[in-house]
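Residue-level structural notes
As a plain string of letters, each chain reads:
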Amino acid sequence: MRMELTFNEEWKSDFLKHIEDDGPWTNWELFKLAIEAEKHTTVPSFTGLQAPAHLPHLTPHPYQLEAARRVVEEMNGKAILADEVGLGKTIEAGLIIKEYMIRGLVKKVLILVPASLVSQWAMELNQKFYIPAVVQRKSYVWDQYDVVVSSIDTAKREPHRSIVYEQDYDMVIIDEAHRLKNSRTKNYEFVQHLQKKFCLLLTATPVQNRLEEVFNLVSLLKPGHLGSFEHFEKDYKGKEKSIEDEERLRALIQKVMVRNRRQDTEMDWPERIVKTVPIHLNEEEASLYKAVEDLKRHPVGTRSQFSIITLLREICSSREAAYMTLKKMLEKEDVDENTESIVLNLLKKIESVPSNSKAEKTLEIIQSIEGKVIIFTEYRATQLFLQWFLQQHGISSVPFRGGFKRSKKDWMKELFRNHAKVLIATEAGGEGINLQFCQHIINYDLPWNPMRIEQRIGRIHRLGQEGDVHIYNFATKNTVEEHILSLLYEKIQLFESVIGQLDEILTRLGMRDIEKHISDILLHSESEGEIRIKMENIKELINYHKEESDETRKYS
Amino acid sequence: MKQENIHNYLRSYFLANECPILQEKQGVLAVQLTVDLDKELMNRPFYWHYLEKTGGTPNPMTLTLVTNQDEEMVQGEFVHFGAPRLHQIFSSTKKLASFIRLYENIQPSSHQNAPLHPWLCLNIKISYQCDLKKDRFISLGLHLVSGAVVDDFHDQLSEKNLTPKIPDYTFTISPIIKPASGISRLEKIVEMLISKEDHSWSEEAKRRWAADQLLLDQFYEDNLEAESYAVEKEALRKQYEPVITAEVINGGIFYLSP
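Reading guide: rules and limits
Residues numbered from 1 in each chain as written. Chains lettered and ligands numbered in written order. Predicted model: local features only at pLDDT ≥ 70, side-chain atom pairs only at ≥ 80, totals over all residues. Helix = DSSP H or I, 4+ residues; strand = E, 2+ residues; numbered from the N terminus. Buried ≥ 20, exposed ≤ 12 C-beta atoms within 10 Å, placed from the backbone. Contact = placed C-beta atoms within 7 Å. Rg over C-alpha atoms; globule rule 2.2 N^0.38 Å. Nonpolar A, V, L, I, M, F, W, Y, C, P; charged D, E, K, R; others polar. Pairing = 2+ DSSP bridges. Axes fitted to C-alpha atoms, helices over the stretch in contact; angles between N-to-C directions. Arc of directions from axis to C-beta. Expected span 1.5 Å × (residues − 1). Domains from an automatic or database assignment. Left-handed = near helix turned anticlockwise from the far one by under 90°. Core = buried A, V, L, I, M, F, W, Y, C linked by C-beta atoms within 7 Å. Parallel < 35°, antiparallel > 145°, perpendicular 65-115°, else oblique.

1. Quick notes on the overall build of chain A
A tally of regular secondary structure across chain A gives 26 helices and 14 strands. The burial tally for chain A puts 43% of its 556 residues in the buried class. Taking as baseline every contact in chain A between residues at least 6 positions apart, the subset at least 24 positions apart corresponds to 76%.

This is the structure we're talking about:
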């Protein structure tokens, strides 16, 4: 143990100088007040939370206080905060930062969040926690301010990168940390080289597809906690995992992860009302769809030129989306004549499509709803089309994309809140905005990764939402969409059940990449019947494990 | 700290700094800042710089602090235990009240000159830090003639009637121990006090540290040269290394009757 028991030199020499100069001396009242102030700010115990007493305007939920306590007292200040979306991970993080700052363990904090959340984080920390967080806008901010909020993309770029590495951070916080699941990315490497005395990783979806993802996250936080990569591969990746291995892994992860679920919080959450909306293609759309589907029967040489599944999904979304993909194919230099003629033929079919069945249904729903609506689509072309289409019917909408600059995102959100009825977001816009003032979500096309659906819904089904949340899932009849919906969203009852389980289940099953799995089934099955049987199999498998996992819950 | 205590604290602080109180009712305090306190609290260096350059008349601000949340009619800053303003005033107090010299205000009977003995007082915060932290406040008094040491000195002083000027018919006894060596003596005392404490917390912190270090070494197995290994290793030291520090909050010389 190091003891630094020499009293502060500066005080000593100043004091002696005062004696020599015979003053000036302070008055007795002020002297006593200084001691009173000191006694109020002294923290006599290692344990317990001081932060709540400092935050009279904030009433954290019991599970949030417990999370903060566990992180400080049991996890030594290094944790993955993995509450379900909308349970207030930011509040937990704020409590933890505040606690450390009050105790004088943390002064300099680096907070890395998606660009769209930067100003929101800074605002919340200032207003709710009286933490003087500053948004990184100029490079001098890094060394002149103690608590800085920035996007990871800014921080990792020069000239910032070098300056950031020179800072002595006591705490590093990363929001939407599932973006760091891949250890071979620049972002991962950047964070890995940051000095992390205390560290919080925030994510609602610690495992999206593969078990390595959780390994990578934990290794950022606490390298070696799950062993070295080679050992981890050997111990957990093999098909035949023993129950003991599973248990051991679970216990290890629990040590560094806090995961609250809605149903565990004993709170009255607004309900999710889920409705499936079947869409019937019109004749021309159906014929276009069939033409692409038929490509499956072409010789491999031709077939492989097309990303058939992508095209099918695009057609279900909008002819514009499919058009963009086909057009790109024509622009390729090495396109052969045969392919070209197929593409041209498809383009001709696209031109003959008179209307968009899904868009019409969308319009009908929007017109029947009083409040605001968020539409999620996977395709940029669909987004543009919908904006135009709604405009034609006198409905103003605001587009939202992941690629927007931070200020533009904030601006768009405010536009939506104050002036527009509809917000149209692409997938990349799904995380990083909080829109609890809206109660309706249209899943215009469904993502195949169920974790992404949860991210979408979490935008509005979160703390602060007062009404029930309505979710409309579109599924086009007799297409790939119907299979997806029936598998993921109806049979597994994804929407109603607790999403937290699914990541565990998929991981257990070794179906780490469910999207690819489904793609393969759709592409390589000979008939509708075969598809249905294979999908049925997956369903059975998942449900079987789901029941099992209901009994032994994993990370909580 | 209750809202009422905060109000009283603020009131004492401004009075001790000679700020006139403009208005006071339950939970509301309006004060006229002095030039010094405006500079201390209001963070407007440019204004003061400008004024000094141009030689204008200083116009220090008034400050209205509200400790009762129900006072919605009053325009003012709401001050609570977590409010940055309160902590600014806390640190301002400590800054302004670092050094003191006082005499016990005695009235010797029969006009015989009475002696006052010199004491060195140090108020000290000791912090115990690893990945957790706690503090202990101690107040020590050292008799600068005999070398006797007294604990809870501040509490004892608070009972006494003290004055900044030497009272009539009293005289001070010269210290035999010089203030500088007095400070060193008290440093030794603090060390001794700490050595008698239970240090299991630091043993536990070292165990946590060693455990994490072991994991880290396993993770980097064949790659101990890696830059990130060095970074992580240093981070673990900063996280867990048990350190005890002592910091003088304030102190001074007190001349007391024996």
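Continuing now.
2. Brief notes about the overall build of chain B
A count of helical and extended segments in chain B gives eight helices and 11 strands. Rg of the C-alpha trace for chain B: 25 Å, well past the compact-globule value of 18 Å for 258 residues, more than 25% over. With respect to the three principal axes, the spread of C-alpha positions in chain B is 80 × 55 × 45 Å. Residues counted as buried form 29% of the 258 residues belonging to chain B. Looking at chain B alone, contacts between residues at least 24 apart form 67% of all its contacts between residues at least 6 apart.

3. Focus on the interface of chain B and chain A
Residue-level contacts link 69 residues of chain B with 60 residues of chain A. For the side of chain B that touches chain A, the element with the highest residue contribution is strand β11 (residues 243-256) of chain B, accounting for nine residues. Of the residues belonging to the side of chain B that touches chain A, the class tally is 33 nonpolar, 17 polar and 19 charged.

4. What to know about the sheet that holds strand β2 (residues 28-32) of chain B
All names here are of chain B. As summarised here, the arrangement of the four strands in space is β1-β2-β3-β4, forming an open sheet in which the pairing is mixed. Strands with a single pairing partner mark the edges of an open sheet, and in this sheet they are β1 (21-25) and β4 (77-78). Note: β2 against strand β3 (residues 62-66), five bridges, orientation antiparallel. Bridged to Ala30 within β3 is Thr64. Where helix α1 (residues 3-16) meets the sheet, it contacts β1, β2 and β3, and its direction lies at approximately 15° from that of β2.

5. Describing the sheet that holds strand β7 (residues 198-202) of chain A
Residue and element names in this part refer to chain A. The sheet built from seven strands is open, its strands ordered β4-β5-β3-β6-β7-β2-β8 with parallel pairing. Each having just a single partner strand, β4 (133-135) and β8 (257-258) make up the two edges of the open sheet. Pairing of strand β3 (residues 109-112) with strand β6 (residues 171-174) involves four bridges; the strand directions are parallel. Following the sheet pairing, Ile111 is matched in β6 by Ile173.

6. Notes on helix α14 (residues 283-293) of chain A
Residue and element names in this part refer to chain A. Every buried residue of α14 is listed here: Glu285, Leu288, Tyr289 and Val292. The arc that holds every buried residue of α14, seen down its axis, measures 100°, which confines them to one face. At its buried positions, α14 is contacted by α16 (308-317), α18 (337-351) and α19 (357-368).

7. Looking at helix α7 (residues 200-219) of chain B
Across its 20 residues, α7(B) extends 29 Å between first and last C-alpha, which sits within 8% of the 28 Å expected from 1.5 Å per residue. Within α7(B) the residues assigned to the buried category are B:Ala205, B:Asp212 and B:Phe219. Projected down its long axis, α7(B) shows its buried positions confined to an angular sector of 35°, all on one face. Pointing more than 90 degrees away from the buried face of α7(B) are the exposed residues B:Ser200, B:Glu203, B:Arg207, B:Ala210 and B:Leu214. Buried residues in α7(B) make contact with α11 (211-221) of chain A together with α8 (227-240) of chain B.

8. Comments concerning the environment of A:Glu284
Residues and elements named next belong to chain A. Structurally, Glu284 can be placed in helix α14. Residue Glu284 is classed as partly exposed on the basis of its 17 C-beta neighbours within 10 Å. Between the C-alpha atom of Glu284 and that of Ser355, which follows or precedes it by 71 residues, the distance is 8.9 Å. Not counting chain neighbours up to four residues away, the residues in contact with Glu284 comprise Ser352, Val353 and Pro354.

9. Topic: the domain arrangement of chain B
Each assigned domain of chain B is listed with its residue range as follows: domain 1 (3-96) and domain 2 (100-204 + 244-256). Placing the centre of domain 1 of chain B and that of domain 2 of chain B at their C-alpha centroids yields a distance of 31 Å.

10. Concerning the pairing of β3(B)
Along a regular strand, successive side chains alternate from one face of the sheet to the other. Summarising the sheet, β3(B) and β4(B) pair through two bridges and their orientation is parallel. Residue pairing for β4(B): B:Val66 is matched across the bridge by B:Phe78.

11. Structural notes on the packing of helix α2 (residues 28-41) of chain A against α1(B)
Between α2(A) and α1(B), whose axes approach to 9 Å, the crossing angle comes to 145°. Two packed elements cross with a definite hand, and for α2(A) against α1(B) that hand is left-handed. Contact residues: A:Glu29, A:Leu30, A:Leu33 and A:Glu36 in α2(A); B:Tyr9, B:Ser12, B:Tyr13 and B:Ala16 in α1(B). Within the contact of α2(A) with α1(B), the residues separate by chemical class into five nonpolar, one polar and two charged.

12. What to know about the nonpolar core
Ranked by internal contacts, the top residues of the largest apolar core, which has 70 residues, are A:Ile111, A:Met171 and A:Leu201. Dropping the residues within four chain positions of it, A:Leu201 is found in contact with A:Ile80, A:Ile174, A:Ala177, A:Leu217, A:Leu220 and A:Leu221.

13. Digging into the packing of α2(A) against helix α4 (residues 84-96) of chain B
Put simply, α2(A) and α4(B) touch, their axes get as near as 8 Å, and they point 135° apart. On the basis of the axis angle, α2(A) is oblique to α4(B). With respect to the hand of their crossing, α2(A) and α4(B) are arranged in left-handed fashion. When α2(A) is examined against α4(B), the residues A:Leu30, A:Leu33, A:Ala34, A:Ala37 and A:Thr41 are found in contact with a partner set consisting of B:Phe90, B:Thr93, B:Lys94 and B:Leu96.

14. Comments concerning the environment of A:Phe404
Residues and elements named next belong to chain A. Within the fold, Phe404 resides in the loop between β11 (397-400) and α21 (406-418). As a C-alpha pair, Phe404 and Asp170 span 234 residues in sequence and 31 Å in three-dimensional space. Phe404 has contacts with Lys409 and Met412, leaving out every residue within four places of it along the chain.

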